[in-house]
Amino acid sequence: MPVVTRPSPLLPALAGVASVALAAGAGELVAGLVAPASSPFAAVGGALIDLAPSWAKDTAIALFGTSDKIALLVGIGIVAAILAAGAGVLEARRPPWGRFLVLAVGIGGAIVAATRPDASVASWFPAALAGAIGAIAIRYLARSAVRSREAAARTDEGPADPGRRGFFVWAGAVTATGVVLAIAGSAVRAGAQAVTAARDAIRLPTPASRAPAVAAGAELGIDGLTPVITPNADFYRIDTALVVPQVSTSDWSLRIHGMVEQEVTITWDELLALPLEESITTLTCVSNEVGGDLIGNAVWLGYPIRELLALARPSADADMVLSRSIDGFTASSPIEALTDERDAILAVGMNGEPLPTEHGFPVRMVVPGLYGYVSATKWVTELEVTRFDAATSYWTDRGWSERGPIKLESRIDVPRRSASLSAGDTVIAGVAWQQHVGVSGVEVQIDDGEWQQATLASAISDDTWVQWSLPWQAASGTHRLTVRATNSDGETQTPDRADVVPDGATGWHSVEVSVR
Ligand SMILES: Nc1nc2c(c(=O)[nH]1)N[C@H]1C(S)=C(S)[C@@H](COP(=O)(O)O)O[C@H]1N2
Ligand SMILES: [Mo]
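Let us look at the structure shown here. Note that the coordinates shown come from a computational prediction; the quantities given were computed from them, not determined experimentally.

### Describing the sheet that holds strand S1 (residues 253-258)
Strands pair in a sheet through their backbones, by hydrogen bonds, and they do so in one of two ways: parallel or antiparallel.
1) Next: Strand order across the open sheet formed by five strands is S2-S1-S10-S5-S6, with mixed pairing between neighbours. Since the sheet does not close on itself, it has two edges, and those belong to strand S2 (264-267) and strand S6 (330-334), each with one partner. Neighbour-to-neighbour, the strand axes of the sheet open up by a mean angle of 15 degrees, direction not taken into account.
2) Next: As paired elements, strand S5 (residues 320-325) and strand S10 (residues 380-386) share six bridges and run antiparallel to each other. Paired with valine 321 across the two strands is valine 385, which belongs to S10.
3) Next: Contacting S1, S2, S5 and S10, helix H9 (residues 305-312) runs over the sheet at an angle of about 55 degrees to S1.

### Looking at the nonpolar core
1) Next: Among the nonpolar cores identified, the biggest contains 69 residues, and Leu254, Ile256, Trp300 and Leu346 are the most heavily contacted of them.
2) Next: Among the elements that make up this core, the one with the highest residue count is strand S4 (residues 295-304) (six residues).
3) Next: In this structure, this core is formed jointly by two domains, domain 2 (216-398) and domain 3 (409-515), each of which donates at least three residues.
4) Next: In contact with leucine 254, not counting residues within four places along its chain, are Val264, Thr265, Ile266, Leu308, Leu346, Val380, Thr381, Glu382 and Leu383.
5) Next: If you look at the next biggest cluster of nonpolar residues, it comprises 23 residues, including Leu408, Ile412, Ala432 and Leu481.

### Section: the packing of aromatic side chains
1) Next: On inspection of all chains with the given rule, the structure shows eleven aromatic pairs.
2) Next: A centroid spacing of 5.0 Å and a plane angle of 75 degrees characterise the contact between tryptophan 451 and tryptophan 508, whose relative ring orientation is edge-to-face. Of this pair, tryptophan 451 sits in strand S15 (residues 451-453) while tryptophan 508 sits in the loop between strand S18 (477-487) and strand S19 (509-515), and the two are 57 residues apart along the sequence.
3) Next: A relative accessible area of 22% places tryptophan 451 in the partly exposed class.
4) Next: Grouped by ring-pair contacts, the aromatic residues Phe329, Tyr373, Tyr394, Trp395 and Trp400 constitute a single cluster.
5) Next: Taking NZ or CZ as reference, arginine 398 lies 3.7 Å from the ring centre of tyrosine 394, over its face.
6) Next: Over the ring of tryptophan 451 we find arginine 484, and its NZ or CZ is 4.0 Å from the ring centre.

What counts, and where the lines are drawn
- Residues numbered from 1 in each chain as written.
- Chains lettered and ligands numbered in written order.
- Predicted model: local features only at pLDDT ≥ 70, side-chain atom pairs only at ≥ 80, totals over all residues.
- Heavy atoms only, no water.
- Pairing = 2+ DSSP bridges.
- Helix = DSSP H or I, 4+ residues; strand = E, 2+ residues; numbered from the N terminus.
- Axes fitted to C-alpha atoms, helices over the stretch in contact; angles between N-to-C directions.
- Contact = heavy atoms within 4.5 Å.
- Core = buried A, V, L, I, M, F, W, Y, C linked by side-chain atoms within 4.5 Å.
- Buried < 20%, exposed > 50% of the residue type's maximum accessible area, 1.4 Å probe, protein only.
- Domains from an automatic or database assignment.
- Phe/Tyr/Trp six-rings, centres within 6.5 Å; stacked < 30°, edge-to-face > 60°.
- Lys NZ or Arg CZ within 6 Å of the ring centre and 35° of its normal.

Next comes the structure, spelled out in structure tokens:
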């Protein structure tokens, strides 16, 4: 008969610490990947700094000097370890309360991270995931701790028994995994910060040729109407990158190869030394629904792809250029769109700044007139000159059309859908586009009335969208407003509704508004 003693809390406490180490490491890595600006630890630390009374901050600074933040993180780590040990003991004695405690701390961390001033949409995720991983880990490790203790009590083999050894191996492996994940997380974050810092330090050269000044009349200045140039922060973002690629300018180069007489490779410094041109081009996503907002217009700075291709001397048989990004995305562009007179460029600047990382830093393609999926490769590193019958690309492999010329479309921005406004003088306004063709007119229909000519703002060029407006004497009641554009070839936008797959939506945009 074994001696009855109160079971030692050591193993369950270790189980708790190991589980939380794994959870914290996973949280740090996921934070590094999805929300580089924040980690659960940094978020909780930041919140504590903000919440701490000033005497506490002063004491911390007096005690730790410039290491006060490290001291804070170490402090958070110690508190987390104590909580973790407690959760392990709790889980061993009163399951599932230990699990719940870990999960609750994770959710608390998620709430803190999501409410930090620099939070992004994904900031809550790392801590919540960490809580879930910690809860699962603690369930199994605490149970294994209890079992090995019971086995030890039964066999009386003491500390060397296999159950106990097994537990230590498991707990050690789980802890080590957590540490490795945390290191990977901080490496990812450091990489992202390094690229961001390098980007901030870049001074783009003065353009050799400027875009035509945006005429004052291009911006109608109507409340609620989309501005004619889209600020970078508001520019839509579409890509397949779960993690924004972090490409440093020193690592970047572009290789032009395939059906060419001369392979060409160009580095960042070489590209920046070329005479860069400014151009204004509206980008549109093929997935933009009628009335959708996957469209934006920017002043780009870049070098004509035409000139680089000329250096490589493409074969006359080539009809396509397959551009490839650092993360393996590919786009297949008709070679004529890159070699004709249009402003198809390798862009390095967007609205006066280096490209934002999520818009392709350091270098992307911009091609007027083609949807992004067949032209606008971000983080581009390769142009392969080839043929449509020899190669396909990321989206054409998935059922989207081989060719992606942008379709004629128009959109009502004001009044907003289901807006309610007062009767009397008001205005209907929006944007219309068919890049590289141009818009010559916009008409608006109110309910079943006659189509009325809207006023077009001055177009920047055929490669950009154009604003339009129409004064409206709104009578009370519910009204349906519909818009259609006519392009520079005299073709009027089709009313036929087409889905975005395989080559872009068509149909007229309508909004329903109620007038009081
Ligand atoms: N590397 C890479 N480039 C890409 C994509 C992508 O998934 N990966 N998506 C394309 C698509 S579908 C569009 S619409 C545009 C969007 O560019 P933006 O995010 O700068 O607006 O980028 C294009 N370039
Ligand atoms: Mo797209």
